[in-house]
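Listed below are the residues making up each chain.
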Amino acid sequence: MRIVKHPILSFERGREVEFTFDGRKMKGYEGEPIAAALHDNGVRVLSYSKHLHRARGFYCAIGNCSSCLMTVNGEPNVRVCTEKLREGMVVETQKGRGDIK
Amino acid sequence: MKKTEIAVIGGGPAGLMASLAAAEMGARVTLIDRNSRLGGQLVKQTHMFFGSEKEYASIRGIDIGKILSAEVLKNPRIETMLDSTVIGYYPDDGVLGVEVEEKTFVKIKPEKVIVATGASEKFLPFENNDLPGIYGAGAVQTLMNEHGVIPGDNVLMVGAGNIGLIVSYQLMQAGVNVKAIIDAAPNIGGYWVHASKVARLGVPIMTSYTVKAAYANELTGALERAVIWQVDNKWQPIPGTEKVLKVDVICISVGLSPLAEILWQAGCKMKYVPQLGGHVALRNENMETTVPGVYVAGDVAGVEEASSAMIEGRLAGLNAAKSLGYDNGTFNEKRREALEQLESLRSGPVGEKIRQGLAQLVS
Ligand SMILES: Cc1cc2nc3c(=O)[nH]c(=O)nc-3n(C[C@H](O)[C@H](O)[C@H](O)COP(=O)(O)OP(=O)(O)OC[C@H]3O[C@@H](n4cnc5c(N)ncnc54)[C@H](O)[C@@H]3O)c2cc1C
Ligand code: FES
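These figures come from a predicted structure and were not determined experimentally.

Definitions and cut-offs
Each chain carries its own residue numbering, running from 1 in the written order of its sequence. Chain letters and ligand numbers both follow the written order, the letters beginning at A and the numbers at 1. Only residues with pLDDT of at least 70 get local features here, since the model is predicted, and only at 80 or more are side-chain atom pairs given and counted; chain-wide, interface and lining totals rely on the full set of residues. Each side-chain value is derived from all of the structure's non-hydrogen atoms; neither hydrogens nor water enter the calculation. Secondary structure elements follow DSSP: runs of H or I of four or more residues count as helices, runs of E of two or more count as strands, with numbering from the N terminus. By definition here, a helix of n residues has an expected span of 1.5 Å times n minus one. Relative accessibility decides the category of a residue: with a 1.4 Å probe and only protein chains considered, values under 20% of the type maximum give buried, values over 50% give exposed, and everything between is partly exposed. Here, a strand pair is defined by DSSP locating no fewer than two bridges between the strands. Residues grouped as a nonpolar core are buried Ala, Val, Leu, Ile, Met, Phe, Trp, Tyr and Cys residues, joined through side-chain atoms within 4.5 Å. Throughout, a contact is declared for two residues whenever any of their heavy atoms are within 4.5 Å. Lines fitted to the C-alpha atoms define the axes, with helices restricted to the stretch that makes contact. Angles between their N-to-C directions range from 0 to 180 degrees. For a crossing to be left-handed, the near helix must be turned anticlockwise from the far one by less than a right angle; the clockwise case is right-handed.

To continue, consider helix α1 (residues 13-25) of chain B. Residues and elements named next belong to chain B. The terminal C-alpha atoms of α1, which comprises 13 residues, lie 19 Å apart, in line with the 18 Å expected from a rise of 1.5 Å per residue. When you tally the buried positions in α1, you get 12 out of 13 residues, the bulk of the element. A positive phi of about 120° marks G26, the residue just after α1.

This is the structure in structure tokens:
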């Protein structure tokens, strides 16, 4: 959910863009982290771990921990907490370690 | 290969001050940060500062970040590289490998390096601690204060230090319900000003409590509930004291540890100092490590707070510039001033832990 009114901060957001998450159309703001846009759309499970297939979400949100790896435009292991959202991005839940094509 | 006199890695309060101080002495600086903007952690801090440094106390962190960044950006001796991550330091030839905008790889050969990379959040072991919905306090702050997205509806905050208290207050400001703040210690670690602010809003602060387990919603796979329990004075959990909280977010705020990879790569002598958050580099009074020409400043030199990070940064910047022969005539005075400020910041009971930590460090 977006914060609309805040007692101290105002948010400068980019233009609204469309992207897909596992084929579903979603909206977000250009330039914000993909993870922020997903979270706003209610998506918290970003990937499944390699061995035990446990659900993973983000943890640090600043690119330190690799908890948030997803497949973006076909490329696996993208840290979506820092990767910026662009128009038409294809974002997918990553299962396991991902293959480089 | 790009050449520079002083490379500063990290544009938080420590790196910003280091760059400004070195440039003031006359040196040419390249400041590198992996974010798209300068300021480090300061950018998320909407509260008035608890820093004791006279110039910046009671200004909001976010504004201090803006003031320092603006000064850096208009300084002709400082070149700023944003969206640039230092991914390696090759000690044999003193070269930094930098990835720019995740596309190009640039090599930089500086004469001196100041490492000011900050710290990363610690984790807490408990059953199912990897569920989506369990986030670091800094992550929640980033999501909320930088990107304007709230983390969830009901939050359990783990850790009653300053960061836990402040982020709880910020969550309430953003309209999120904080169900409880718990801490395994018998006392509240943060300052009373921050504790009473959240207590007044009706948030219970439960000391001697820790997390037992977290559970997911079967359908979504994300966090749905947390079980907490009491610990005795030997930190052992007491069976039968369990409480269930319906929360979709657990926010972990149990401290930070230095982001010291570059220092390991450089071959600096490191030491584990719990009072400073983890492994830190041995260094002298000038903030120079055991590898000549490699300096440290800020949280990476020992987790402390922003005011000391700024002064350490200034000290490292001054000394690095001086070692290259730069001095605008004020070096001695500025250096002495910085040393005195650090000493006064760390005096008194609040600085006790830091003093114990630092005593193990000076090389
Ligand atoms: C929630 C919260 C509230 C706080 N409140 C206060 C307060 O009220 N008063 C106070 O004094 N302190 C406060 N602090 C602490 C203070 O923010 C930190 O001590 C301070 O920011 C440390 O400064 P720094 O420059 O060492 O690190 P940081 O501010 O963390 O900056 C480090 C920078 O380095 C960059 N970086 C890291 N690695 C690389 C790399 N490999 N390549 C390129 N760039 C890199 C990072 O992107 C970052 O911008 C708070 C901290 C938090 C988390
Ligand atoms: S959440 Fe830690 S790297 Fe993305």
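The structure having been displayed, the exposition proceeds.
What follows covers the sheet that holds strand β4 (residues 55-56) of chain A. All names here are of chain A. With mixed pairing, the three strands of this open sheet are ordered in space as β4-β3-β8. Because the sheet does not close on itself, it has two edges, and the strands there are β4 and β8 (94-95). Bridge analysis of strand β3 (residues 47-48) against β4 gives two bridges, and the strand direction is antiparallel. Along β4, the bridge assignment pairs S47 with R56.

I6(B), L96(B), V98(B), I114(B), V115(B), L263(B) and C268(B) are the most contacted members of the largest nonpolar core, which has 62 residues in total. Sequence-distant contacts of I6(B), defined by excluding residues within four places in its chain, comprise A22(B), A27(B), R28(B), V29(B), T30(B), K112(B), I114(B), A320(B), A321(B) and L324(B).

This part covers the packing of α1(B) against helix α7 (residues 306-323) of chain B. Residue and element names in this part refer to chain B. Closest axis-to-axis distance for the α1/α7 pair is 7 Å, and the angle between their directions is 30°. In this structure, the crossing between α1 and α7 has a hand that is right-handed. On α7, the residues touching P13, A14, M17, A18, A21, A22 and M25 of α1 are A306, A309, M310, G313, R314, G317, L318 and A321.

Don't take any of this as a statement about function, it's just geometry.
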